[in-house]
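So the chains spell out like this:
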Amino acid sequence: MLAYGDRRTSSYDDLLETLTSHIKREPEALSVKTLNQNVVEAEYAVRGAIAIKSAAYQQQLKEGKGDDLPFDKKPITFFRQVLSLCEYRELLDNELAAQIYPPDAIERARQYLDGIPGGVGAYSESKGAVVLRKQVAQGIEARDGHPCDIDNLWLTDGASPAVHYCMKSLLRNEHDCILCPIPQYPLYSATIKLYGGTLLPYYLEESEGWQTTLDNLRVQVGTARRQGKQVRAMVVINPGNPTGQVLDRDNQELLVRFCKEEGLVLMADEVYQTNIYAEGKSFVSFKKVLMEMGDDCTTSVPLVSMNSISKGFFGECGRRGGYFECINFPKEVKDQLYKLSSISLCPNLSGQICMALTMNPPKPGEPSYELFAKERDDILSSLKRRAVLVKETFDSLEGVSCTTGESFVCLGQAGLVLSAAHTSHTLSLNSSPAPMLPAAVEGSMYAFPRLTIPPAAVKAAADQDKQPDFVYCMELLDKTGIVTVPGSGFGQEKGTFHVRTTILPPESDMQAVSDKFAEFHKGFMAKYKNQNGSK
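Residue indices begin from 1 for each chain and proceed along its sequence in written order. The predicted origin of the model limits local features to residues at a pLDDT of at least 70 and limits the giving and counting of side-chain atom pairs to 80 or more, whereas totals for whole chains, interfaces and linings rest on all residues. The side-chain figures draw on all heavy atoms in the structure; neither hydrogens nor water molecules are used.

> So what exactly am I meant to see when it comes to the sheet that holds strand E7 (residues 303-308) here?
Hydrogen bonding along the main chain pairs the strands of a sheet, whether they run parallel or antiparallel. Here, any two strands with at least 2 DSSP bridges between them count as paired. The helix and strand labels rest on DSSP assignments: H or I over at least four residues marks a helix, E over at least two residues marks a strand, and numbering proceeds from the N terminus. Spatially, the seven strands line up as an open sheet ordered E2-E8-E7-E6-E5-E3-E4, and their pairing is mixed. The two strands at the open ends of the sheet, each matched to only one other strand, are strand E2 (153-156) and strand E4 (198-203). Direction aside, the axes of adjacent strands within the sheet are offset by 20 degrees on average. Fitted lines through C-alpha atoms serve as axes, helices being fitted only where they are in contact, and the angles separating the N-to-C directions of these axes extend from 0 to 180 degrees.

> Hey, could you run me through the packing of helix H5 (residues 77-87) against helix H16 (residues 349-359) in this one?
The axes of two packed helices give the description: the angle between them and the distance between them. Put simply, H5 and H16 touch, their axes get as near as 10 Å, and they point 145 degrees apart. Judged by the sense of rotation from one axis to the other, the crossing of H5 with H16 is right-handed. Residue-level contacts link Phe-78, Phe-79, Val-82, Leu-83, Cys-86 and Glu-87 of H5 to Ser-350, Ile-353, Cys-354, Leu-357 and Thr-358 of H16. Lys, Arg, Asp and Glu make up the charged group, whereas Ala, Val, Leu, Ile, Met, Phe, Trp, Tyr, Cys and Pro make up the nonpolar group; the residues left over, Gly among them, are polar. Residues belonging to the contact of H5 with H16 are distributed by class as follows: eight nonpolar, two polar and one charged. Left-handed describes a crossing whose near helix is turned anticlockwise from the far helix through less than a right angle; right-handed describes the clockwise counterpart. By the convention used here, residues are in contact when the closest approach between their heavy atoms is within 4.5 Å.

> I keep staring at the packing of aromatic side chains and nothing clicks. Help me out?
Here a ring pair, both rings aromatic, is described through the centre-centre distance and the interplanar angle of the planes. Two rings from Phe, Tyr or Trp (for Trp, the six-membered ring) form a pair when their centres are within 6.5 Å of each other. A pair whose planes differ by under 30 degrees is stacked, one over 60 is edge-to-face, and the rest are tilted. Applying the stated criterion across every chain yields a total of eight aromatic pairs. Measuring from ring centre to ring centre gives 5.8 Å for Phe-520 and Phe-524, while their planes differ by 40 degrees; the resulting arrangement is tilted. Of this pair, Phe-520 and Phe-524 are both found in helix H20 (residues 507-533), four residues apart, which corresponds to roughly one turn of the helix. Between buried and exposed lies partly exposed: a residue is buried under 20% and exposed over 50% of the maximum accessible area for its type, with that area taken using a 1.4 Å probe on protein chains only. Under the relative-accessibility criterion, Phe-520 is labelled buried at 7%. In textbook terms, an aromatic cluster arises when at least three aromatic residues are bridged by ring pairs, as seen for Tyr-472, Phe-520, Phe-524 and Tyr-528. We call a charge positioned above a ring when the Lys NZ or Arg CZ atom is no farther than 6 Å from the ring centre and deviates by at most 35 degrees from the ring normal. Directly above the ring of Trp-154 sits Lys-127, whose terminal nitrogen or CZ lies 4.1 Å from the centroid.

> Would you explain the pattern of salt bridges in this entry?
Oppositely charged side chains can pair when the atoms bearing their charge come close. Take a side-chain nitrogen of Lys or Arg and a carboxyl oxygen of Asp or Glu: if they are within 4 Å of each other, that pair is a salt bridge. This structure, assessed with the given rule, holds 20 salt bridges. In this structure, the salt-bridge partner of Glu-292 is Arg-249, at a minimum N-O distance of 2.6 Å. Of this pair, Glu-292 sits in the loop between helix H13 (286-291) and helix H14 (297-300) while Arg-249 sits in helix H12 (residues 249-262), and the two are 43 residues apart along the sequence. A salt bridge links Asp-463 to Lys-459, with the nearest nitrogen and oxygen atoms 3.1 Å apart.

> Mind showing me how you'd approach helix H15 (residues 331-343) here?
Here H15 is 13 residues long and its end C-alpha atoms lie 19 Å apart, about the 18 Å a rise of 1.5 Å per residue gives. The complete set of buried residues in H15 reads Lys-334, Leu-337, Leu-340 and Ser-341. An end-on view of H15 places all buried positions within 110 degrees of arc, on one side of the element. Of the exposed residues in H15, those oriented more than 90 degrees away from the buried face are Lys-331, Glu-332 and Ile-343. Along its buried surface, H15 packs onto E2, helix H9 (160-170) and strand E8 (322-327). Two residues or fewer past H15, Leu-345 is found with a positive phi of approximately 70 degrees. One fewer than the residue count of a helix, multiplied by 1.5 Å, yields its expected span. Regarding the arc, it is the one traced by the directions from the helix axis to the C-beta atoms.

> Explain the side chain of Lys-334 to me, please; I cannot follow it from the model alone.
Of note, Lys-334 is situated in helix H15. Residue classification places Lys-334 among the buried residues on the basis of a relative accessible area of 13%. Not counting chain neighbours up to four residues away, the residues in contact with Lys-334 comprise Asp-151, Asn-152, Trp-154 and Phe-329.

> For this particular structure, what's the right way to read the environment of Lys-522?
By the secondary structure assignment, Lys-522 is in helix H20. Separated by 124 residues in the primary sequence, Lys-522 and Glu-398 place their C-alpha atoms 7.7 Å from one another.

> Sorry, what's going on with the environment of His-175 here?
Mapped onto the elements of the fold, His-175 is located in the loop between H9 and strand E3 (176-182). In this structure, the C-alpha to C-alpha distance between His-175 and Ala-224, residues 49 residues apart in sequence, is 9.3 Å. In this structure His-175 touches Gly-228, Lys-229 and Gln-230, once residues within four positions along its chain are discounted.

> Which parts of the structure should I look at to understand the pairing of strand E15 (residues 497-502)?
Across a regular strand the side chains alternate sides, sitting on one face of the sheet and then on the other. Counted residue by residue, E15 has six buried out of six residues, so it is predominantly covered. Alternating residues of E15 divide into Phe-497, Val-499 and Thr-501 and His-498, Arg-500 and Thr-502, and every residue in both groups is buried. The pairing of strand E12 (residues 446-447) with E15 spans two bridges and is classified as antiparallel. Across the sheet, the residue bridging to Tyr-446 is Thr-502, located in E15. Note: strand E13 (residues 450-451) against E15, two bridges, orientation antiparallel. Pairing of Leu-451 across the sheet is with Phe-497, part of E15. Sheet topology places strand E14 (residues 485-486) next to E15; two bridges connect them, and they run antiparallel. The residue bridging Pro-486 from the neighbouring strand is Val-499, located in E15.

Laid out in structure tokens, this is it:
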């Protein structure tokens, strides 16, 4: 008799074949060939070959060939004050604490620790400490104007675990598909591959500001189903990563109705929700849209919304804090998600605390608000100036164009590192905050320009069995130390080439970085144009 309701699986069939055959299996040595091939085939471009080579350059600098210069964004003081008190509880009872810390930081730390038995060094509940989930829920309610039940809320080590939980739960085999935007953040393609599913692309139209159409989505879903595929969910990244577009409410409602029509789970990646810059644009969560549609979508479309402490103007990416909220999920399904989270015991407490602080920062009239607001505004205004410089640089270069709707430069999301490996120091960039920008930018902090690459460069890349934009990015790194990510790592329309770069070098170095980029690009174009002319 078969277990699990006579459900046959590939692993069961393999076992049955082994038990009924006379073939003796020999031991297999550990090697790449004997690993799960889904792991081997999964790719993650933002930590790929270019990033690895950049790390090697940085190590050379540390060995005496230059001085490290890290990204210059300072942390939010209130966050670090509360975290330090939570890490060392004895400080709360020290008579000098009131001379060092503002009263609201002391009060907040005491509130958190009173709700976390054992402090930050002990396990919390697997879904996150209740006192912290309540504060995150309050922030969601304040943002959306609708209640947030902490039973639907998980705190996580960044937003990535939410993606892993969803893919692990939804993908049963290669016949299960996830609709994913192209270009996309490679976390999605990597996890779909890792868990044995199929990525079903829906292409964003660059000429239309990286939007998509319902006709395009319906064609993709219909084609997949005729091929025997089961489409399980749709990923929407808003603001877009790496493309930086911001969806308007009408488009969001269309996507919700599409998920209703097709019976899909809507996975809303909203980690850049505070990174909105374009005039007339604002962030509206998919939860708010869903709750206010006023039809049966409100109670029937399954929604997972994700957020993180890694982005915004706080940029606490190394602490690994995030959350996801499930709407319209059956209790039995939520129970399975709880089981997945319990296997990992609990998310780290420092990340949980930082997520609560992010969703519930100091308010006007509180002792820490004035400093908090100044730090926030200083970060945003500095990034605004850097973003304008990046746009001006790309506008001046031959064969480079950027689009977010109305010929906007797209400062998209989630980028990587920039290192001046051939100067006297290293510039290190990680995911972080973003500025209030003029209408030339819709959202976030990374540029995703389109490159017109000379035919000789395309051929040279083919001779190396590489994508042309990969070769461009690798040559850029070798000659200038600037680390970018090729558009091929995110997916792109065939025959187009892009590169993702960033506005995150220290402002004092930004002009030099831009000049180096421009100098390289001009040399790259001239080098391969000359090759074209000589043939």
